[in-house]
Amino acid sequence: MGSAVITARAAATFDPVARSVATARAFVRDTLQGWGYTDVVDDAVVLTSELVTNAVIHAGTAADVLCLRTEDGVRVEIADHYPEREIPLQPAALDLGSLDSENGRGLLLCAALASRWGVEYSPTRKHVWFQLDLPDRPVGVRSAGPLLPVGLLPVTDERVRVAVVQVDSEGAVAAWNDDAAYLFGYTADQVIGKQLTDFTAWPQTPGTSTGIADALRLSRWEGSYGIRGADGRTIPVYGSHLRVRDPQGEPSTVCLLVRDYERAVLQTPVRAPVSDTAESRKTDPFEVFIGSPAPDDLDGLLQRTVERARDMLDADAAFLLLATDDETELEVRATTGLPSARQRFARVPVEAGTGRYGSARMPAVHEDLDAVPGAVPLLGNTGMRSVVTVPLKVEGRLTGSLGVAAEAAGRYSNEEALRLQFAADRIALAVESARLGELERLRRGSLSFLVEASDLLAGTLDRDQTLALMAQMTVPTLATWCAVYTIADPASDPELSYVLHEDEERIDGLKSLLTRISPPEPVRTPGARVWAAPSEAAHEAALRTSMRSIGIGDAGGLGSTTRTTLATAAAVGGETVVLPLVARNRVIGMLTLGKPSDDHFRQEILELAEDLSRRAALALDNARLYSERTAISQSLQRSLLPPGLPAVPNVEVDVIYRAAGEGNEVGGDFYDVFPIRDGAYGFAIGDVCGTGPEAAAVTGLARHALRLLAREGFGGPAVLERLNAAILDEGTRSRFLTLLYGELWPQEDGSALLKVVCAGHPLPLRLRQDGSVEPAADPQPLLGVMEDLELYEQEFTLEPGDVLLCVTDGVTERREGTRMLGDDGLADVLAHCTGLTAGAVAARILRAVERFAAEPPSDDMAILTMRVPEPQ
């Protein structure tokens, strides 16, 4: 610092975490204010914030902050500890970076704000320093502007005229001086007794929300508006209003008015940041309210605000409400000295309705709330008598309301309202900024929540699982407990379908309570509506239980039942809301959310719950439609399957059937075993081209036609030829069909005679007792292609111990990459089944098919086995 004498120093090191930036700002602010250098505090804090951010965020190291005081100013040094700092080897021009970049802005600010600044490098550290010189100030004045050349002074007319207008408590003009008559063209006789608002044009200044009538009631006001002159022109004026009281106690307002371009005559000079006196530092509203460092989060900032407001006015309680985006309601966000649990997030209207918060937009003092009950709904039944409330406004828009209250009447006057309003003006922007930051975080969290909820709901078509997901997504994220009511059809009553509480021990008691009360009315109106029935029922049950426990009323119901009832009452004693579940223009249920005793829902939470209810309703309705469709489909498919396998004398018969596709019980493959006449049985196994419902339709046609034709006495070839004609008659709906059809006659010697026709189907395989495997038929043309078929029948005998295996191509065409099981692979598996029962053979074939490839089968499969047992 050259030859300057250092009179004081302060140093601190801050860890490489984000919160260190705020802590460093507070350190510099407190240090400079302690030294009496309040004139340069703001610039020093801004520069420190940027440079410490570069150190702890971008460089990722601890930051050393050193403050040095001299008689003329202050020097602040910030150093980081980056281990691989590159040292410039030549005095090249320093790149200050871009205003849009995330780093480097600290150097730009140094160049703009500091008297002098620089950067010093060492192998392991980088120092950035700046110096701020104290401004010259005239001695012995409260405030003064700098010396200016004559050409820069404000311009006025030859004579500056100041209109003095006095307005009585009713807003009428009571005094009108000569300068007012000169400026506006009205004599005193023309205006005295008339309302000042009859001559004003409001507002002259854009963005001003306070009307002239409101401004006249304030103790002090300054600003610009317009006066309509006698010639009809509007004259822009700058006014300074002061509210006074005459010896009889009647209030009036004195208005000093000048032409707007002469506002410098009346306009209050910009106040110095803070004077150096200890008394001024003590009464600075910002310091009284927030302290240092200020809380980083909104709830902390609001709680600090109400605590400091209470202390500043020596109050018993304080509260802060934030306005909704449309400024129609105020939501309780912080209180002290009041039952906060009962009031938190409670909402009251601003302008109209029962319990309106009418004093929100203007400062208000109530000397005795007992005389005006309901003036401040938040303080009802709290014992508070006197209260002062002031608005929080940003750019003329109402963002909240701050109030303090006392148990004694007459504690506050207009002077306390002014102090509180000045402090509220200083904190309003910080509160709004923190609120917007919180809303942005909530919106990002809400989007993430809704995306995850949509994915989970879209991932299931099971009704019960959808109900469980709806409840689990709301508890405890949105509510303490949740109940889902469903409506089967428009004529049905709502049914309690699912209940969830964040404490599992409370679920049974909650479910019992909800089943005893009538369900909420199904209303299509969107949005959440309050449902008081659960809370009222819980409180009534708790009261009866408490009376019984102390011997009043009927005896009984003590012990664990009493504890359960009281716990349930506490669990549902808060606010309960109902959201309709509307899908496809029909109310299909209600989503009920609840809070514990005396709790309220935040508006943002209700909006998020409404978004969730729309998605959940569609998912629940989709699950319902899918369940109905699946039930119908499965019922129809089951009608296509044989009712059961008949008992064939001296022959074991077993079948394994697997349909491809989720929810399918029947596909393009089919089988059947049925009696034809005494001593004769028919069997069939076939494969319709394709899978799914279309193939299943041909399956039903083929199976029923086979039974009918066989029982009419037709032989195998005739049965298949007539079935071929029936398939071709389907026209465009017809499908190719491979079919193995046969007739079985058990013989008295223990063998079985078979006659088979294999129409394009995989050949049946015969396993002999010696382990040899051979085809049991020859291939012939498939069905559904040609009109004239010439099929023939083949006859053979199964000896005791022999097995006949019939499969569809879903078995032989099982693939793993380029490998396929094929006829040879199937024969190898069958060759190792000697001595097994028919059921064991079918199970082994299925196991071999499943193990052949890792992926699940993609084609229908049918396995029909017949075995002639060996004599015992």
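Above: the structure in question.
First, a word on scope: everything that follows refers to the structure included in this document. It should be emphasised that the depicted structure is a prediction, and the values quoted were computed from it without experimental measurement. (Residues numbered from 1 in each chain as written. Predicted model: local features only at pLDDT ≥ 70, side-chain atom pairs only at ≥ 80, totals over all residues. Heavy atoms only, no water.)

**Regarding the sheet that holds strand β6 (residues 163-168)**
The strand order across the open sheet formed by 6 strands is β7-β6-β11-β10-β9-β8, and the pairing between neighbours is antiparallel. Edge positions in the open sheet fall to β7 (173-176) and β8 (200-201), since each of these has one partner strand only. When β8 meets strand β9 (residues 220-228), the two strands line up antiparallel, connected through 2 bridges. Bridge pairing in β9 links Thr200 to Ile227. (Pairing = 2+ DSSP bridges. Helix = DSSP H or I, 4+ residues; strand = E, 2+ residues; numbered from the N terminus.)

**Looking at a nonpolar patch on the surface**
A cluster of nonpolar side chains, namely Phe736, Val785 and Met786, defines an oily patch on the protein surface of about 270 Å² accessible area. Judged by relative accessible area, Val785 falls into the partly exposed class, the value being 44%. (Patch = residues over 30% accessible without salt bridge, like charges linked within 9 Å, V, L, I, M, F, W, Y side chains within 5 Å. Areas by Shrake-Rupley, 256 points an atom, 1.4 Å probe, with all protein chains shown as cover. Salt bridge = Lys/Arg side-chain N within 4 Å of Asp/Glu carboxyl O. Buried < 20%, exposed > 50% of the residue type's maximum accessible area, 1.4 Å probe, protein only.)

**A word on the sheet that holds strand β25 (residues 680-688)**
The antiparallel open sheet is built from 5 strands, whose spatial order is β24-β25-β26-β27-β30. Two strands close off the open sheet at either side, each with one partner strand: β24 (669-677) and β30 (794-798). Within the sheet, the average angular offset between the axes of one strand and its neighbour, ignoring direction, is 20 degrees. In this structure, β25 lies alongside strand β26 (residues 737-746), joined through 8 bridges in antiparallel fashion. Considered in β26, the bridge of Val688 is made with Leu737. Taken strand by strand, helix α18 (residues 716-728) contacts β26 and β27 (752-759), and its axis lies near 150 degrees from that of β26. (Axes fitted to C-alpha atoms, helices over the stretch in contact; angles between N-to-C directions. Contact = heavy atoms within 4.5 Å.)

**Examining the packing of helix α20 (residues 822-831) against helix α21 (residues 838-852)**
Packed helices, taken two at a time, are described by the angle their axes make and the gap between the axes. In contact at an axis separation of 10 Å, α20 and α21 are set at 135 degrees when each is read in the N-to-C sense. The angle between α20 and α21 places the two elements in the oblique class. By crossing handedness, the relation of α20 to α21 is classed as right-handed. For the pair α20 and α21, contact is made by Leu826, Val829 and Leu830 and by Val841, Arg844, Ile845 and Ala848, respectively. Of the residues contributing to the contact of α20 with α21, the split by class is 6 nonpolar, no polar and 1 charged. (Parallel < 35°, antiparallel > 145°, perpendicular 65-115°, else oblique. Left-handed = near helix turned anticlockwise from the far one by under 90°. Nonpolar A, V, L, I, M, F, W, Y, C, P; charged D, E, K, R; others polar.)

**Section: the side chain of Arg703**
Its place among the elements puts Arg703 in helix α17 (residues 692-711). Only 3.5 Å separates the side chain of Arg703 from the side chain of Asp672, close enough to count as a polar contact. Beyond its immediate sequence surroundings of up to four residues, Arg703 is in contact with Ser639, Leu640, Leu641, Pro642, Phe670, Tyr671 and Asp672. (Polar contact = N/O pair within 3.5 Å; in protein donor to acceptor, adjacent residues only side chain to side chain.)

**Describing the nonpolar core**
In this structure, Met470, Leu514, Leu581 and Leu593 are the most contacted members of the largest nonpolar core, which totals 49 residues. Residue contributions to this core peak at 9 residues, all from helix α16 (residues 603-638). Excluding residues within four positions of it along the chain, Met470 makes contact with Leu457, Val484, Leu581, Leu591 and Ala616. Within the second largest apolar cluster, 30 residues are counted, among which are Ala10, Phe14, Ala24 and Ala44. (Core = buried A, V, L, I, M, F, W, Y, C linked by side-chain atoms within 4.5 Å.)

**Overview of α20**
If you check which residues of α20 are buried, you get Gly822, Gly825, Leu826, Ala827, Val829 and Leu830. Those residues of α20 that are buried lie in contact with β28 (765-767), β29 (773-775), β31 (803-807), α19 (809-812), β33 (819-820) and α21.

**Section: the packing of helix α11 (residues 414-458) against helix α12 (residues 463-474)**
Running from amino to carboxyl end, α11 crosses α12 at an angle of 165 degrees, the nearest separation of the two axes being 10 Å. By the angle between their axes, α11 is roughly antiparallel relative to α12. The way α11 lies across α12 gives a crossing that is right-handed. Contact with α11, carried on its side by Phe449, Ala453, Leu456 and Leu457, involves Thr466, Leu469, Met470 and Met473 of α12 and no other residues of that element. Among the residues forming the contact of α11 with α12, the class breakdown is 7 nonpolar, 1 polar and no charged.

**Concerning the packing of aromatic side chains**
In this structure the tally under the stated criterion is 5 aromatic pairs. Relative to Phe199, the ring of Tyr186 lies with its centre 5.1 Å away and its plane at 65 degrees, an arrangement referred to as edge-to-face. Taken as a pair, Tyr186 in the loop between α4 (178-184) and α5 (188-191) and Phe199 in the loop between α5 and β8 lie far apart in primary sequence, 13 residues in all. An angle of 50 degrees between the planes, with centres 5.9 Å apart, marks the rings of Tyr657 and Tyr671 as tilted. You can see Tyr657 sitting in strand β23 (residues 652-658) and its partner Tyr671 sitting in strand β24, a full 14 residues away along the chain. The class for Tyr657 is buried, based on a relative accessible area of 14%. Above the face of the Tyr182 ring, Arg161 is positioned so that its terminal group lies 3.5 Å from the ring centre. For Arg819, the ring lying beneath its charged end belongs to Phe852, and the centroid distance is 4.4 Å. (Phe/Tyr/Trp six-rings, centres within 6.5 Å; stacked < 30°, edge-to-face > 60°. Lys NZ or Arg CZ within 6 Å of the ring centre and 35° of its normal.)

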